[in-house]
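Okay, here's what each chain looks like letter by letter:
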Amino acid sequence: MPRSDTAFLFDLDGTLVDSVYQHVLAWKEALDAEGVELSVWRIHRKIGMSGGLFANMLLRETALDITEDRLERLRRRHAEAFNRQHTQGSVKPLPGARELLTFLTDQQIPWAIATSGRMETAAHNLEALGVDPSKVPVVTRDQVRHAKPDPDLFLTAAARLGFDIRHALVVGDSVWDMLAAQRARAIGIGLLAGGYGREELQQAGALRVYDDPADLLAHVDEVAARD
């Protein structure tokens, strides 16, 4: 039976695609090239917010000058390093990701993707999932004024589905996803696949927390309202 009373708004990296740690290493490479020495764990704690905000916060922590040129170099070097890892085949869909999206489509449950990444890095992930942006609403950082933890990405995705954001489920793997969901007045569903802990996601507003897309699919009736 269709469950048209519910829409799913998915984050991409760490939620549908196993790519969080590749992003961490790509940012590490970009920062090293700028002479910015930061531990990998500090980088990981900020994955999930927009690249621009991410770089600003990291540079403030190191007391380095934040210039547009430096930010653009960091963004470009990160994209190049991340896309290189895709070419090497290290970025793949998370367990159950394709099956979850197929299930939602078959059940006529609306879904969209909203990612803080730009299309230059998101395109490879979408291809790995078999998602065609011409057929499925995909909102990237290029298309909104502010990215996570601001709610713009998810508000835009819900609008493209023609769906009331207050009845939408924001599925993400980071505290930034859950904070954005709260600000959008949506329901946050957390996944552990991005490296954040259960309590962290719950404290940031997650109503339910699952291991990965396969675990969410196994328990989808807990969150998907029937028509």
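**Here's the deal with the overall build of the protein**
Helix and strand counts for the protein come out as 10 helices and eight strands. Across the 227 residues in the protein, those meeting the buried criterion constitute 52%. When contacts within the protein are restricted to residue pairs at least 6 apart in sequence, long-range pairs at least 24 apart make up 63% of them. Summed over its atoms, the accessible surface of the protein is roughly 10,200 Å², and 47% of this surface lies on carbon and sulfur atoms.

**Some words on the nonpolar core**
With 31 residues, the main nonpolar core has F8, F10, L16, W111, I113, V131 and L216 as its most contacted residues. Those elements that place two or more of their residues in this core are β1 (7-10), α4 (68-87), α5 (97-106), β4 (111-114), α6 (119-129), β6 (168-172) and β7 (187-191). It is α5 that provides the largest number of residues to this core, a total of four residues. Filtering out sequence-adjacent residues up to four positions away, F10 remains in contact with T15, L16, L100, L101, L104, W111, A112, I113, A114 and V171. Within the second largest apolar cluster, 19 residues are counted, among which are A7, F154, A157 and I165.

**Concerning the sheet that holds β1**
Reading across the sheet, the six strands line up as β5-β4-β1-β6-β7-β8 and stay open at both edges, with parallel pairing between neighbours. Two strands close off the open sheet at either side, each with one partner strand: β5 (138-139) and β8 (206-210). In this structure, β4 lies alongside β5, joined through two bridges in parallel fashion. Within β5, the residue paired with A114 across the bridge is V139.

**Structural notes on the pairing of β4**
Every second residue of β4 is oriented toward a common face, with W111 and I113 on one face and A112 and A114 on the other, all of them buried. Bridge count between β1 and β4: three bridges; the pairing is parallel. Paired with F8 across the two strands is W111, which belongs to β4. Taken together, β4, α6 and β5 constitute a β-α-β crossover, and its handedness is right-handed.

**Notes on the pattern of salt bridges**
As enumerated under the stated definition, the model contains 12 salt bridges in all. The closest approach of N and O atoms between K148 and D11, which form a salt bridge, is 2.9 Å. Pair noted here: K148 is in the loop between β5 and α7 (152-161) and D11 is in the loop between β1 and β2 (17-18), with a separation of 137 residues, a long-range link. Among the residues examined, K148 registers a relative accessible area of 0% and is labelled buried. For D142, the salt bridge goes to R118, with nearest N and O atoms at 4.0 Å. Of this pair, D142 sits in the loop between β5 and α7 while R118 sits in the loop between β4 and α6, placing them 24 residues apart in sequence. Several salt bridges share partner residues, and in doing so they unite E34, R70, R73 and R77 into one network.

**A closer look at α7**
Listed as buried for α7 are D152, L153, F154, A157 and A158. Where α7 is buried, its residues touch β1, β4, β5, β6 and α8 (175-184). Directly beyond the C-terminal end of α7, a positive phi value near 70° is found at G162.

**Points about the confidence of the model for the protein**
Mean pLDDT over the protein works out to 87, with 89% of the residues at or above the 70 mark. Predicted confidence in the protein is weakest over helix α3 (residues 51-61), with a mean pLDDT of 68, and strongest over helix α10 (residues 213-218), with 98.

About the criteria used
- Residues numbered from 1 in each chain as written.
- Predicted model: local features only at pLDDT ≥ 70, side-chain atom pairs only at ≥ 80, totals over all residues.
- Heavy atoms only, no water.
- Helix = DSSP H or I, 4+ residues; strand = E, 2+ residues; numbered from the N terminus.
- Buried < 20%, exposed > 50% of the residue type's maximum accessible area, 1.4 Å probe, protein only.
- Contact = heavy atoms within 4.5 Å.
- Areas by Shrake-Rupley, 256 points an atom, 1.4 Å probe, with all protein chains shown as cover.
- Core = buried A, V, L, I, M, F, W, Y, C linked by side-chain atoms within 4.5 Å.
- Pairing = 2+ DSSP bridges.
- Right-handed = clockwise from strand over helix to strand, strands pointing away.
- Salt bridge = Lys/Arg side-chain N within 4 Å of Asp/Glu carboxyl O.
- pLDDT = per-residue confidence, 0-100.

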